[in-house]
Amino acid sequence: MAALGWLTPRRRSATARSVLAGEASAEAARKSSQEQPEPAGTEREPEFPVLGDDRAAAFFDLDNTVMQGAALFHFGRGLYKRKFFETRELARFAWQQAWFRLAGVEDPEHMQEARDSALSIVKGHRVAELETIGEEIYDEYMADRIWPGTRALAQAHLDAGQKVWLVTAAPVEIAQVIARRLGLTGALGTVAESVDGVYTGRLVGEPLHGPAKAEAVRALAAAEGLDLSRCAAYSDSHNDIPMLSLVGHPYAINPDTKLRRHARDKDWRLRDYRTGRKAAKVGIPAAAGVGAVAGGTAAAIALSRRRR
């Protein structure tokens, strides 16, 4: 399990560490997706996504796009319940989550604190242990926080025969649980280093955030033979503008102020599930299958051993 949360990088351009993080996440996710069957679809969406276009895929940010709040903080609550850390640390997680919910954006200082504490918490624990706990925590804290509207958008792509990936700065092990439970193809997430199945407390590259997300999507698209101009991406945050700008069909979902402004300037499609508002430019109806879909795949963590 990569660390719980990750610092928002202040640099806007891709660095060598961004590329490393992106490539590591893409390779891990791609390996996992090849090992699992495609989930069964429900209704077909006739206009978009295009039925049978196997060179198109969809990429979804997680926090506040697919799920209300931050996966990191829900995971922290679960670890506290299992006595991984003390009450004072839980209070810090609660404050960070409250800020995220109220402000709707990641605060760099809060994310830095969460990242540092997470790395120390999981250091020395076995990967298998955290993967099992992640399954339990999803049921306890995350399952009821999935936005039905965004889930419907993802299902529309699946029903069209396209692959759907989560792309998140959250640990790949958390992302893999959510992707599997939602019947998605897999997940691109932050990869934590482990040696002999035990976390070292270090990352492979850097958190999958901002430019690193774009690098991960670019690497995965190249490996999968995707045409990014036919792909779609969905996010709530202006930090994901690099990823959204890569694809031919960018969507602003529950957008923060900066992303909303940018999306309007660029004529991107908008949808806001927080208040029931629907922007004028909406391409996929929320009627597309919202029910739970069994199967799907989870992202692998093979590359977490890449830098020993």
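In this text the structure is predicted, and so the values were computed from the model without any measurement.

Trainee: Looking at this structure, I do not really get the pairing of strand β1 (residues 57-60). What am I missing?
Mentor: For a regular strand, the rule is simple: side chains alternate between the two faces of the sheet. Here β1 shows no split at all, with Ala57 and Phe59 on one side and Ala58 and Phe60 on the other all buried. Bridging between β1 and strand β2 (residues 163-171) involves four bridges; their strand directions are parallel. For Ala58, the partnering residue across the bridge sits in β2 and is Val164. The pairing of β1 with strand β6 (residues 232-235) spans three bridges and is parallel. Within β6, the position partnered with Phe59 by the bridge is Ala233.

Trainee: Would you explain the side chain of Lys213 in this entry?
Mentor: Considering the arrangement of structural elements, one finds Lys213 in helix α8 (residues 211-224). For Lys213, a relative accessible area of 3% translates into the label buried. Beyond its immediate stretch of four places on either side in the chain, Lys213 contacts Asp61, Val167, Thr168, Ala169, Leu208, Asp240 and Met243.

Trainee: So what exactly am I meant to see when it comes to α8 here?
Mentor: Since the α-helix packs 3.6 residues into each turn, any two residues three or four apart lie on the same face. Taking 1.5 Å as the rise per residue, α8 with 14 residues should run 20 Å; its terminal C-alpha atoms sit 20 Å apart, in good agreement. Most of α8 is tucked away, with 10 of its 14 residues classed as buried. Of all the positions in α8, only Pro211, Ala212, Lys213, Ala214, Glu215, Ala216, Val217, Leu220, Ala221 and Glu224 are classed as buried. At the exit of α8 stands Gly225, carrying a positive phi of roughly 70 degrees.

Trainee: What am I meant to see in the confidence of the model for the protein chain here?
Mentor: Atom-level detail of predicted coordinates should not be read off regions where pLDDT is low. Mean pLDDT over the protein chain works out to 76, with 67% of the residues at or above the 70 mark. For residues 1-12, every residue scores under 50 in pLDDT, and the model assigns this stretch 63 contacts once sequence neighbours within four places are set aside. The model gives residues 276-308 a pLDDT under 50, and that stretch makes 109 contacts with residues more than four places away or in other chains.

Trainee: Please explain the sheet that holds strand β8 (residues 269-271) as it appears in this structure.
Mentor: In a beta sheet, neighbouring strands are held together by backbone hydrogen bonds and run either parallel or antiparallel to one another. Taken in spatial order, the six strands of this open sheet run β3-β2-β1-β6-β7-β8, and their pairing is parallel. Each of the sheet's edge strands pairs with one partner strand only, and the pair in question is β3 (186-190) and β8. Between one strand axis and the next, the sheet turns through 20 degrees on average, direction left out of account. Against the sheet, α8 makes contact with β1, β2 and β3, and its axis sits at roughly 145 degrees relative to β2, the strand it touches most.

Trainee: In this structure, what is going on with the packing of aromatic side chains? I would like to understand it.
Mentor: A ring pair, where both rings are aromatic, is described by two values, the distance of the centres and the angle of the planes. This model, assessed by the stated rule, comprises three aromatic pairs. Relative to Tyr251, the ring of Phe48 lies with its centre 6.4 Å away and its plane at 20 degrees, an arrangement referred to as stacked. Taken together, the positions of Phe48 in the loop between α1 (16-33) and β1 and Tyr251 in strand β7 (residues 249-253) put the pair 203 residues apart, joining distant regions of the chain. With respect to class, Phe48 is no different from Tyr251; both count as buried. Between Tyr234 and Tyr251 the ring centres are 4.6 Å apart and the planes differ by 20 degrees, which places this aromatic pair in the stacked class. Linking Tyr234 in strand β6 with Tyr251 in strand β7, this pair joins segments that are 17 residues apart in sequence. Among the aromatic residues, those joined into a cluster by ring pairs are Phe48, Phe60, Tyr234 and Tyr251. Cation over ring: Arg269 sits above Phe48, and NZ or CZ is 6.0 Å from the ring centre.

Trainee: Would you mind showing me how to read the nonpolar core here?
Mentor: The tendency in soluble globular proteins is for nonpolar side chains to be buried as a group. Counting residues in each nonpolar core, the largest one holds 44 residues, and the members touching the most others are Phe60, Leu79, Met142, Leu166, Ile178 and Tyr234. A per-element tally of this core places helix α5 (residues 127-142) first, with seven residues. Counting residues in each nonpolar core, the second largest holds 29 residues, with Ala26, Ala214, Ala252 and Ala263 among its members.

Trainee: Looking at this structure, I do not really get the pattern of salt bridges. What am I missing?
Mentor: Close approach of charged atoms allows side chains with opposite charge to pair. Taken as a whole and assessed by the stated rule, the structure comprises 14 salt bridges. Note that Asp227 is salt-bridged to Arg230, the shortest N-O span being 3.5 Å. Residue classification places Arg230 among the partly exposed residues on the basis of a relative accessible area of 32%. When salt bridges that share partners are traced, they join Lys81, Arg82, Glu136 and Glu140 into one network.

Trainee: What am I meant to see in the packing of helix α2 (residues 71-81) against α5 here?
Mentor: Helix-helix packing: each pair is described by the crossing angle between the helix axes and the interaxial distance. Where α2 contacts α5, the axes come no closer than 9 Å and their chain directions differ by 110 degrees. Comparing their axes, α5 and α2 come out roughly perpendicular. Listed contacts from α5 to Ala71, His74, Phe75, Arg77, Gly78, Leu79 and Lys81 of α2 are Leu130, Ile133, Gly134, Ile137, Glu140, Tyr141 and Met142. Here the residues of the contact of α2 with α5 sort into eight nonpolar, three polar and three charged.

Trainee: Would you explain the environment of Gly134 in this entry?
Mentor: Relative to the helices and strands, Gly134 resides in helix α5. A sequence separation of 59 residues divides Gly134 from Phe75, and the C-alpha atoms of the two residues are 7.4 Å apart. Residues contacting Gly134, with those up to four places away along its chain left out, are Phe75 and Val177.

Reading the values: rules and limits
Each chain has its residues counted from 1, running along the sequence as written. Local features in this predicted model are restricted to residues of pLDDT 70 or higher, and side-chain atom pairs are both shown and tallied only at a pLDDT of 80 or more, whereas totals for entire chains, interfaces and linings draw on every residue. Side-chain numbers here rest on the full set of heavy atoms in the structure, without hydrogens or water. Any residue under 20% of the maximum accessible area for its type is buried, any over 50% is exposed, and the rest in between are partly exposed; the area is computed with a 1.4 Å probe on protein chains only. Helix and strand assignments follow DSSP, with helices taken as H or I runs no shorter than four residues and strands as E runs no shorter than two, numbered in order from the N terminus. When DSSP locates at least two bridges between a pair of strands, those strands are taken to pair. What makes two residues a contact is simply this: any of their non-hydrogen atoms within 4.5 Å. Here the expected span of a helix is defined as 1.5 Å times the quantity of residues minus one. Every residue carries a pLDDT, the predictor's confidence in it, which falls somewhere between 0 and 100. All axes here are fitted lines through C-alpha atoms, helices being fitted over the stretch that makes contact, and every angle between N-to-C directions spans 0 to 180 degrees. Aromatic contacts are taken between Phe, Tyr and Trp rings whose centres are within 6.5 Å, Trp giving its six-membered ring; a plane angle under 30 degrees counts as stacked, one over 60 as edge-to-face, and the others as tilted. Whether a charge sits over a ring depends on NZ of Lys or CZ of Arg being within 6 Å of the ring centre and within 35 degrees of the ring normal. Buried Ala, Val, Leu, Ile, Met, Phe, Trp, Tyr and Cys residues that are joined via side-chain atoms within 4.5 Å together make up what is termed a nonpolar core. Salt bridge, as used here, is a side-chain nitrogen of Lys or Arg placed within 4 Å of a carboxyl oxygen of Asp or Glu. We call two directions roughly parallel when the angle between them is under 35 degrees, roughly antiparallel when it is over 145, roughly perpendicular when it lies between 65 and 115, and oblique otherwise. Each residue is assigned to one class: nonpolar for Ala, Val, Leu, Ile, Met, Phe, Trp, Tyr, Cys and Pro, charged for Asp, Glu, Lys and Arg, and polar for all the others, Gly among them.

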